[in-house]
Amino acid sequence: MAKDVSGDIVAANGATEKKPGFFGRILIFFRQVIAELRKVVTPTRSELLKFTAVVLGFVVVMMGLVYGLDIVFSWVATVVFGVPS
């Protein structure tokens with residue numbers, strides 16, 4: 001389906017359908033949300049523990065990277081601008 005210049009929905013056979021109103025679009029949205037939620041697969045306990053470990057490991061690595069960059073930039077700022085006495 002495509003839209004023509006007036007904004008109506010045009011089917012492949014050329015018939016036009018009227019665009020749904022505001023509340024109709026909200027209803028369609030919620031139906032689509034429910035349809036997508038039915039596709040969701042809940043992870044098992046072991047998968048959840050693996051995912052949690054991966055996320056925590058990534059956060060620790062990123063914290064180390066940011067801390068290291070902070071130390072380097074602090075040192076560079078101290079060298080460039082000096083420490084007032």
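The structure presented is a predicted model; accordingly, all values stated were derived computationally and were not measured. Residue positions are given per chain, counted from 1 along the sequence in the order it is written. In keeping with the model being predicted, local features are shown solely for residues with a pLDDT of at least 70 and side-chain atom pairs are shown and tallied solely at 80 or more, while totals for entire chains, interfaces and linings include all residues. The basis for every side-chain value is the complete set of non-hydrogen atoms in the structure, without hydrogens or water.

**Student:** Looking at this model, I keep getting lost on the overall build of the protein. Mind explaining?
**Tutor:** Along the backbone of the protein there are two helices and three strands. Secondary structure elements of the protein occur, N-terminal to C-terminal, as β-β-β-α-α. Note on classification: 1.4 Å probe, protein chains only; a residue is buried when its accessible area is under 20% of the maximum for its type, exposed when over 50%, partly exposed between these limits. Evaluated residue by residue, the protein yields a buried proportion of 2% over its 85 residues. In short, Shrake-Rupley with a 1.4 Å probe defines the accessible areas, and a residue's cover is counted only from the protein chains shown. Here the protein has roughly 7800 Å² of accessible surface; of this, 72% comes from carbon and sulfur atoms. Per the convention used, a helix needs a DSSP run of H or I reaching at least four residues, while a strand needs a run of E reaching at least two, with both numbered from the N terminus.

**Student:** Is there a simple way to think about the pattern of salt bridges in this case?
**Tutor:** Side-chain pairing between opposite charges can occur once the charged atoms of the two side chains come close. Here, a salt bridge means any Lys or Arg side-chain nitrogen found within 4 Å of an Asp or Glu carboxyl oxygen. This model, assessed by the stated rule, comprises one salt bridge. The partner of Lys 39 in a salt bridge is Glu 36, and the shortest N-O contact between them spans 3.1 Å. Classification of Lys 39 by relative accessible area gives exposed; the value is 56%.

**Student:** Mind showing me how you'd approach the environment of Pro 43 here?
**Tutor:** Along the chain, Pro 43 turns up in the loop between helix 1 (22–38) and helix 2 (45–81). By the convention used here, residues are in contact when the closest approach between their heavy atoms is within 4.5 Å. Those residues within four positions of Pro 43 in sequence are excluded, and the remaining contacts are Leu 48 and Phe 51.

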